[in-house]
Amino acid sequence: MATSLTRVVELRVSNHKAYVWDVDDIAILRAEHHICGVLTGTLPHVSQQNVFLGPPLILLPEEVVLLVQKEFAVLVDDPIAHHTPSTSKLRRWNSDRLVSIRAQMGAVESKEPNKKAESLSEEALRKRREREETKAAAARAKALAEGNTEESTLQDNLFSPSPSSSATPVPPAVDERPATPATSANLLGSLYTVTIPASSPASLPWYSSDGLTYSTLESAKEAGIWTYPSDLHERAKCGVFRDLWENGFYMGGGIRFGGDFLIYPGDPLRYHSHFVGTVIDSPTAALMPMEIVAHGRLGTATKKAHLLCGWDDEKQEVSYYSIEWAGFG
Amino acid sequence: MDDYLELPSANAEPSKLDEIREDEDLSSEDEDEGPDWTKLPISVRPVIPKRGEKDFEPIVQGGSGYQQHVLNRARTAMLDALRMPRTISSKGISYGIWHPEIARVHVTTARGTHFTSMGHSVARAEGNSTQRALKRLELLPEEALYLVERGSLFCWKYVESSLLNAPGLDGMEGSPMTVQQTFAEMIGREDLTPEKYQVYAYLRRLGYVVTRTKPPTSAYPQAAPFKTRIHRLSLLERMYSSIRSLITSFVGLFSRSLNGWRPIRHIPWLHHNMDYPSIFKNLRFLHSGHSVPLHEKKKSDQPPSPYEIFFNVYKPATPFKKTTPPAPDFSMVVVNARTTPMPTLSELTDLFEILPELPPPVPRRRLAFVEQKEQRSTTAANSPSQPIPQLSFLGRLITWIYPRAASQIPEPPRKPNPFAVLKAGKKLVIVAVVDAGTTSFFGFRQGMFEEFPMA
């Protein structure tokens, strides 16, 4: 958590939700700006559970408003920032991919030199070749059926020369040695590890947020990508959130505790929340006695005090009242 | 705990396992106790650790720096886990092409078990319309997103095939998409809101099979309609039951013992309807029950309700056939907590109108601990099928003539506990409420108080 990480974080906005994909950005938001968000994505290596989730981090709208107002972050119109790549960029991407596959194959071969080849008899090799050929034929037939490539171009595609190949557009070869990973078609058919990239700026050279970043809420609203806060209640929530944040608290969503926010004294990773906060829109808003009873009861049951946060939109001030069960006999 | 100071590395050590086991006893009640990322092993073997402990609050005067150290350790562990790449063997990965104009992913290489419950085949004429329409496997946005997110599917974005014919692009079916791009482009298409996707992924991760209730196109398989619970008796059964009831009432005339709880005798041909339920029923002058239509009339110009069943959810154990899905185990509504108020009475009524009646909950038979143990051992020993004890001919004759005796041989069906039934309700709809990343599930049940008068 070096402090030198500070930079303006780009929040990727689509469908009026702000996502953070970059893990360094998540670290910056958390360590420096006290903003936690909610992790919502599947962790690929433990994908069948909901306790530990991974990127994307979804931010509460109040968090986004605060980050933009404090100039810690800018909003990016994410769907448009994924530009259509040019052919040359696609070609570079593909050659990078082949290089990485080749490197993987090289690493495997140097680790266990020809162990496999020795164990396979000539007969087995022949059989495997036949299998691969039928598979290739099937793939070709399928590709043809899809109809997006014609026969000749397909041949070109599958067997086009890669730097080291002999550039022979061999039809299902009889004499071809199976051990040579020369053509890229062979290479793609071999066993290697595919990585599905997560974050676009890190892995797609054609991703660019130039001209699509919005550093104020007004400009983002004009562009139609961000409308929060749009009414008194939303303004009140943003105001209360900012005030608590300025007092050094960490906030999380409070929906499971019957409030608007959970209020933590430190990073929620290590500390329990002390309060469940409810936002009251104005100093004159009506408050039912029943609500006080319910909040007091619920807060006590979860070892928290309930915090009523009254927002005064004219003065831009918050007044706080906490409720606890008094416990007289 | 002090050994953390000596071992400031974030790697999971083998000794952690014991620690995790110790923590099980301490697992506390708090829901806001977030997951302890330091216990998530970054290895191949997925082990879900227990939730960890937390401190009350940071010490203001700095303390010994211990708190800061533990916090940093927790953060590092979390960020390391988040950095794990999505890797998969080239022999296990599936490929698909995202067609934004139809909001579908065309699967070109399907591998793995996921496709037994995902995707549907569509006949599409490709390119020029003169070609015959061919069936192909397509994924809805949420299905594709989920597979990409868990690292099973590599998605290409459709580009003109002429562009792909350029040299050096072999093996590519489009422009490659990142997980970020799939989120940005697929959510918001085909009625998929961010909230709905979160609920979909949440349930999928737990192993539920989730499909759309309303088919987006006619090619999408629709779930079987709900079974009506009215059990039609066969002619033979009806004859048997009428004869049997006749005999029962005849025998009952003589054998009836005085029941202190029900002093009124119900003799059908003397006093018509003289038992308690019918008396109360006759006394009632206001109709009750859900069969009575609401007084509130729906306005025609109302905007469509957000309370509409969107997902069909099947338990992981349900035998699921993709082309002819059975009637769902649960029906799910997804709402955004920030914009949607509680459902109104008429919205709930509309929901329950579609849904089937559920059978009453099976009463649990309380067994003594010894019995439970015995049962477990016997079921483990001879689980296939126990022979049903055969009655002798005489026994059967007695059963037939004198049914009361018969009912004592097999155990009489236990009457359901009215409170359990009232709690379970007759119909159930699940509402998933999503508030910026946090999902909660609520079951709304239709009560049936009119069927269990307490008096």
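Conventions we followed
Residues numbered from 1 in each chain as written. Chains lettered and ligands numbered in written order. Predicted model: local features only at pLDDT ≥ 70, side-chain atom pairs only at ≥ 80, totals over all residues. Heavy atoms only, no water. Helix = DSSP H or I, 4+ residues; strand = E, 2+ residues; numbered from the N terminus. Buried < 20%, exposed > 50% of the residue type's maximum accessible area, 1.4 Å probe, protein only. Contact = heavy atoms within 4.5 Å. Areas by Shrake-Rupley, 256 points an atom, 1.4 Å probe, with all protein chains shown as cover. Pairing = 2+ DSSP bridges. Axes fitted to C-alpha atoms, helices over the stretch in contact; angles between N-to-C directions. Patch = residues over 30% accessible without salt bridge, like charges linked within 9 Å, V, L, I, M, F, W, Y side chains within 5 Å. Salt bridge = Lys/Arg side-chain N within 4 Å of Asp/Glu carboxyl O. Lys, Arg positive; Asp, Glu negative; His and termini not counted. Charge placed at Lys NZ, Arg CZ, Asp CG, Glu CD. UniProt positions renumbered as here; feature names shortened; annotations may be inferred. Core = buried A, V, L, I, M, F, W, Y, C linked by side-chain atoms within 4.5 Å. Parallel < 35°, antiparallel > 145°, perpendicular 65-115°, else oblique. Left-handed = near helix turned anticlockwise from the far one by under 90°. Nonpolar A, V, L, I, M, F, W, Y, C, P; charged D, E, K, R; others polar. Buried area = accessible area lost by both parts, 1.4 Å probe.

Looking now at the overall build of chain A. Counting its regular elements, chain A contains 12 helices and 12 strands. The buried share among the 329 residues of chain A stands at 46%. Once local pairs closer than 6 in sequence are excluded, the contacts in chain A between residues at least 24 apart make up 58%. Summed over all atoms, the accessible surface of chain A reaches about 16500 Å², with 55% contributed by carbon and sulfur.

The next thing to look at is the overall build of chain B. Regarding its fold elements, chain B presents 14 helices and 12 strands. Looking at the 455 residues of chain B, the share that counts as buried comes to 37%. The contacts of chain B with a sequence gap of at least 6 include a subset with a gap of at least 24, amounting to 63%. Accessible surface, chain B: about 28100 Å² in total, of which carbon and sulfur atoms supply 59%.

Let us now look at the sheet that holds strand S10 (residues 330-336) of chain B. Residues and elements named next belong to chain B. Spatial ordering of the open sheet is given by S8-S9-S10-S11-S12, a layout of five strands whose pairing is mixed. With one partner strand each, in any of the chains shown, strand S8 (209-212) and strand S12 (438-446) form the two edges of the open sheet. Between one strand axis and the next, the sheet turns through 30° on average, direction left out of account. Across nine bridges, the pairing between strand S11 (residues 427-435) and S12 is antiparallel. Among the inter-strand pairings, Val-429 is bridged to a residue of S12, identified as Phe-444. Its contacts with the sheet place helix H10 (residues 345-354) against strand S9 (309-314), S10, S11 and S12, and it is angled at close to 125° to S11.

Our next topic: a positive patch on the surface. Together, Lys-127, Arg-128, Arg-131 and Lys-135 of chain A together with Lys-91 and Arg-111 of chain B line one region of the surface with positive charge. The residue Lys-135 of chain A is located in helix H6 (residues 122-146) in this model.

With numbering matched to this structure, UniProt assigns "domain: tRNA intron endonuclease catalytic" (unreviewed entry) to residues 237-315 of chain A. For residues 237-315 of chain A, the helix share is 29%, the strand share is 28%, and the end-to-end C-alpha distance is 15 Å.

Counting residues in each nonpolar core, the largest one holds 65 residues, and the members touching the most others are Leu-139, Tyr-197 and Phe-311 of chain B. Residues contacting Leu-139 of chain B, with those up to four places away along its chain left out, are Ala-103, Arg-104, Val-105, Val-107, Phe-115, Met-118, Gly-119, Ala-144, Leu-147 and Leu-153 of chain B. In terms of nonpolar packing, the next biggest core, distinct from the first, is built from 57 residues, Val-20 and Val-318 of chain A together with Trp-37 and Ala-77 of chain B among them.

In this section: helix H6 (residues 179-186) of chain B. All names here are of chain B. Most of H6 sits out of view: eight of its eight residues are buried. Every buried residue of H6 is accounted for by Val-179, Gln-180, Gln-181, Thr-182, Phe-183, Ala-184, Glu-185 and Met-186. Downstream of H6 by one or two residues, Gly-188 has phi in the positive range, about 95°.

As a further point, take H10 of chain B. Those residues of H10 of chain B that fall on the buried side of the exposure criterion are Ser-346, Glu-347, Leu-348, Leu-351 and Phe-352 of chain B. Next to the buried residues of H10 of chain B lie S9, S10, S11 and S12 of chain B.

Where helix H1 (residues 23-33) of chain A meets helix H3 (residues 66-83) of chain B, the axes come as close as 10 Å, and the angle between the chain directions of the two elements is 155°. It follows from the interaxial angle that H1 of chain A and H3 of chain B lie roughly antiparallel. Here H1 of chain A and H3 of chain B pass one another in a crossing that is right-handed. Side by side, H1 of chain A and H3 of chain B meet where Val-23, Asp-24, Ile-26, Ala-27, Arg-30 and Ala-31 of chain A of the first sit next to Arg-75, Met-78, Leu-79, Leu-82 and Arg-83 of chain B of the second. Looking at side-chain class alone, the contact of H1 of chain A with H3 of chain B contains seven nonpolar, no polar and four charged residues.

Accessible area lost upon the coming together of the parts serves often as the stated size of an interface. At the interface, 98 residues of chain B touch 95 residues of chain A. Summed over both partners, the interface of chain B with chain A buries about 8800 Å², with 58% contributed by carbon and sulfur atoms. For the pair chain B and chain A, the number of links is four salt bridges. Between Asp-267 of chain A and Arg-75 of chain B there is a salt bridge; the shortest N-O distance is 2.7 Å. Considering each element in turn, the side of chain B that touches chain A owes the most residues, 12 residues, to H3 of chain B. Here the residues of the side of chain B that touches chain A sort into 46 nonpolar, 28 polar and 24 charged. Here four bridges tie strand S6 (residues 193-196) of chain A to strand S1 (residues 86-89) of chain B, and the two strands are oriented antiparallel to one another. Residue Ile-196 of chain A lies in a different strand from S1 of chain B, and its bridge partner there is Arg-86 of chain B.

Tallied over the full model, the rule gives 20 salt bridges over all chains. Residues Glu-246 of chain A and Lys-70 of chain A are paired through a salt bridge, measuring 2.6 Å at the closest nitrogen-oxygen approach. Placement of the pair is Glu-246 of chain A in helix H11 (residues 232-246) and Lys-70 of chain A in the loop between helix H2 (61-69) and strand S5 (73-77), with a sequence separation of 176 residues. Of the residues examined, Lys-70 of chain A reaches a relative accessible area of 28% and is grouped as partly exposed. Taking the shortest distance from any N to any O, the salt bridge between Glu-185 of chain B and Lys-157 of chain B comes out at 3.2 Å. One end of the pair, Glu-185 of chain B, is in helix H6; the other, Lys-157 of chain B, is in strand S6 (residues 153-157), with 28 residues separating them in the sequence. Judged by relative accessible area, which is 12%, Glu-185 of chain B ranks as buried.

Per the UniProt record, "domain: TSEN34 N-terminal" (unreviewed entry) is annotated on residues 10-78 of chain A. Each end of residues 10-78 of chain A is marked by a C-alpha atom, and these two atoms are 10 Å apart; helix forms 30% of the span and strand 33%.

Turning to the sheet that holds strand S2 (residues 94-99) of chain B, a few remarks are in order. Residue and element names in this part refer to chain B. Across the sheet, six strands lie side by side as S4-S5-S3-S2-S6-S7; this open sheet has mixed pairing. Strand pairing shows two members of the sheet lacking a second neighbour, strand S4 (120-124) and strand S7 (175-176), which therefore form its edges. Each of strand S3 (104-109), strand S5 (134-139) and S6 is contacted by helix H4 (residues 141-149), which is oriented at about 65° to S5, the strand it contacts most. Contacting S2, S3, S6 and S7, H6 runs over the sheet at an angle of about 60° to S6.

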